[in-house]
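# Working through the structure, step by step
Okay, here's what each chain looks like letter by letter:
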Amino acid sequence: MRFYWRILLRPHYKDCATVLLLVLGAAGLDALTVALSVPLLDAISNPGRIFDGGTGFVWLKILFGHLGIAVNVHRAIFALLITMTLIFVTRSALFLFSQIYIAYVAQKLRNSMKLQLLSKFMGAQYQSIMKRGRGAVLRDIVSPAEALFQSVCNVGYLFAGVIGVVVMIGLLAYLSWWLTIVVGFLSVGIIQGWRLLANRRSAEYGRLIYETERQETKLEVDAIDGIKVIKSYMLHTRIGKRYQELLRAELIPQLKLSVVRNGPSFITELAGGFVLIVFGAIVCFMPSKGITFSLLGAFLFAMRRIGPSVGAVNNSWVEIKRYHRGLEVLEDILHTMPVEAEEGQEAPGVDSLKVDHLSFRYDGQAGSGMLSDVNFEADKGTVTAIVGPTGAGKSTLVHLMMRLYTPLSGKILANGADIRGFNLATWRKRVGYVSQDVFLFNATLKDNVVLWDSTITQSQIEKAFELSQMYEFVTKLQEGYETIVGDRGLRLSGGQCQRLSIARAILHRPDILIFDEATSALDNLTEQAIYGAIYTLRAQ
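Residues numbered from 1 in each chain as written. Predicted model: local features only at pLDDT ≥ 70, side-chain atom pairs only at ≥ 80, totals over all residues. Heavy atoms only, no water.

### What to know about the packing of aromatic side chains
Here the structure, examined in full by the defined rule, presents 10 aromatic pairs. Site record: aromatic cluster; members linked through ring pairs are Y126, F360, Y362 and Y405. Positioned over the ring face of F95 is R91, at 5.1 Å from the centre of the ring. Of note, R110 hangs over the ring of F149, and the distance from its end group to the ring centre comes to 3.8 Å. (Phe/Tyr/Trp six-rings, centres within 6.5 Å; stacked < 30°, edge-to-face > 60°. Lys NZ or Arg CZ within 6 Å of the ring centre and 35° of its normal.)

### Observations concerning the nonpolar core
Ranked by internal contacts, the top residues of the largest apolar core, which has 32 residues, are M113, L117, F121, L148, V152 and I333. Looking at this core, the elements with two or more residues in it are helix 2 (13–45), helix 4 (73–123), helix 6 (134–175) and helix 11 (324–336). With 10 residues, helix 6 is the largest single contributor of residues to this core. Core analysis: the next-biggest nonpolar cluster, separate from the first, contains 25 residues, L371, V374, V398 and I514 among them. (Core = buried A, V, L, I, M, F, W, Y, C linked by side-chain atoms within 4.5 Å. Buried < 20%, exposed > 50% of the residue type's maximum accessible area, 1.4 Å probe, protein only. Helix = DSSP H or I, 4+ residues; strand = E, 2+ residues; numbered from the N terminus.)

### Describing the pattern of salt bridges
Between side chains of opposite charge, a pair can form as their charged atoms come close. A full pass over the atoms with the stated rule returns 13 salt bridges. The closest approach of N and O atoms between D140 and R214, which form a salt bridge, is 2.7 Å. Highlighted residues: D140 in helix 6 and R214 in helix 7 (residues 177–225), separated in sequence by 74 residues. Using a relative accessible area of 14% as the deciding quantity, one classes R214 as buried. Between E211 and R214 there is a salt bridge, with the nearest N and O atoms lying 3.9 Å from each other. In this pair, E211 and R214 are both assigned in helix 7, 3 residues apart and thus about one turn of the helix distant. Overlapping salt bridges, with partners in common, bring together R132, D140, R207, E211, R214, R325, E328 and D332 in one network. (Salt bridge = Lys/Arg side-chain N within 4 Å of Asp/Glu carboxyl O.)

### Considerations on the sheet that holds strand 3 (residues 409–414)
Strand order across the open sheet formed by 4 strands is 2-1-3-4, with antiparallel pairing between neighbours. Either end of the sheet is taken by a strand with one partner, and the two such strands are strand 2 (371–379) and strand 4 (417–418). As judged from the 2 bridges shared by strand 3 and strand 4, these two strands associate in the antiparallel manner. Counterpart to L413 in the pairing with strand 4 is D418. Along the sheet face, helix 12 (residues 394–401) touches strand 1 (352–360), strand 2 and strand 3 and points at about 120° away from the line of strand 1. (Pairing = 2+ DSSP bridges. Contact = heavy atoms within 4.5 Å. Axes fitted to C-alpha atoms, helices over the stretch in contact; angles between N-to-C directions.)

### With respect to the pairing of strand 3
As defined by bridge partners, strand 1 adjoins strand 3 across 5 bridges and the pair is classed as antiparallel. Bridge pairing in strand 3 places S359 opposite S409. Hairpin connection between strand 3 and strand 4: a loop of 2 residues separates the two successive antiparallel strands, and N415 in this loop has a positive phi of roughly 55°.

### Considering the side chain of E340
Among the secondary structure elements, E340 is positioned in the loop between helix 11 and strand 1. A polar contact of 2.8 Å, which involves the side chain of E340, links it to the side chain of R428. Setting aside residues no more than four positions away along its own chain, E340 makes contact with M122, G123, A124, Q125, R403, L404, L424 and R428. (Polar contact = N/O pair within 3.5 Å; in protein donor to acceptor, adjacent residues only side chain to side chain.)

### Thoughts on the packing of helix 6 against helix 11
Helix-helix packing: each pair is described by the crossing angle between the helix axes and the interaxial distance. Two elements in contact, helix 6 and helix 11, have axes separated by 8 Å at closest approach and are oriented at 120°. When the axis of helix 6 is compared with that of helix 11, the two are oblique. The crossing of helix 6 and helix 11 is left-handed. Taking contact as the criterion, the partners of D140, P144, A147, L148 and S151 in helix 6 are, on helix 11, G326, L327, V329, L330 and I333. (Parallel < 35°, antiparallel > 145°, perpendicular 65-115°, else oblique. Left-handed = near helix turned anticlockwise from the far one by under 90°.)

### Describing unusual backbone geometry
Of note in this structure, H357 is not a glycine but carries a positive phi near 50°. Tracing the sequence through the fold places H357 in strand 1. With phi around 55°, N415 is a residue other than glycine that occupies positive phi space. Here N415 shows up in the loop between strand 3 and strand 4. A residue is classified by how much of its surface remains accessible, and N415, at 32% relative accessible area, is partly exposed.

### Considerations on helix 15 (residues 458–467)
Every buried residue belonging to helix 15 is among I461, A464, F465 and L467, and all of these are buried. Around the axis of helix 15, the buried residues are gathered within 165° of arc, so they sit on the same side. Note on helix 15: the residue one or two positions beyond its end, Q469, has a positive phi of about 60°. (Arc of directions from axis to C-beta.)

Keep in mind that these numbers describe shape and distance, not what the molecule does.
Okay, structure coming up:
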């Protein structure tokens, strides 16, 4: 319970209090409706004693007298029906508003949490994100927020169910204390007994479902990203078989969870039928016990109201436990995931860059991507080539310069200062980076270069396209700079994607321009033209 208090209740106590008051009001009116059924049934079964002091109609006689209306049985019954209807409608309105308010709060929190999770991942250390994998990251953005949404909703339903049960049992105690002991024992016994059974199992099934859905998302992302490979090697059947195995693995815990979720409704109906038979026998064969048909009718009415509440309590608790894993992931991401150190002094214009005894190795990895005691210097206005065989760590060195990774030892110095002491945002603005694996957003040519920066002028955009040898291509397009490039640049050739990435890098005229095999998809003439433009840019 402390976990749910910390995650759900304490941060949102005002919303929880509002929901509590709404459902308390609805439950109170519900109980009042049931209570009024006793005098109504008395009036129908014994109209001759309708205005006796014990029937509950005395207040109607007084009210009719003040209004100057003649009193009779039919008017009294009709007035009571109107009163019950008004109370019931008010109760239903309160209940409806409470459900809408619960959904509003839950949706607001889900949207807020999705934004927080996405922001957290974008600000997390690059290595931590890569360890999870793209599919797992996608699942960990969507599922924990959905778990929070469902948990908040079910906490509200749990409040409503518990309050409904308590208020109804209080009413039954007022009508007959010994019958209430029987009904209360059954209600509490069903709730508590099933909760003990459901606690561990629903959390276990929820964990299995979460991890299986994470694997499904990974496979879905791989299937879409690798569609060319899948088609080239005819992997449709194999991928489909793997996906089918995951769906089959998810089916069993889903079915078991359904049993845990819905089982109490059957047990409640079974217990209600038993109580009906026993109490009916007492009314018919043991009238000395003082149970009248009107009292039995009120009890049955109340029990029919308690049944859904008991079911709601059990169902809500099972659902809360089912989403426990998602809340654990949410707490882990928000509070323990390593984030990039963004603070520091503003990065100055870079006149010199020095790599000083730099060493790095990926976690649990030897050989590929390993750097050991790397040293070199580069001054502004010069070109420095870093060469080496595949796996020597060239791209890793670039990632270290971009501060995507942190070196094991050594430093990278800009103007003699460790780049780790600079504000991260201002440092990365000093660096233009064109990777060997070009990524383009499913947006326009313009947006892929300016990256939604509204301060960039049209002349700056055109200049960047000219330098990257893309201007002539864009002018021939019907929609020009507003042409959509498709998912990851699907509508462009490999060379066009690279040139667009180059335009993006040189748009702000960075102090350091890094090309990581960035012209591998270009023909010789285009490559020479781009290098000539960059040399001109360097001279400026």
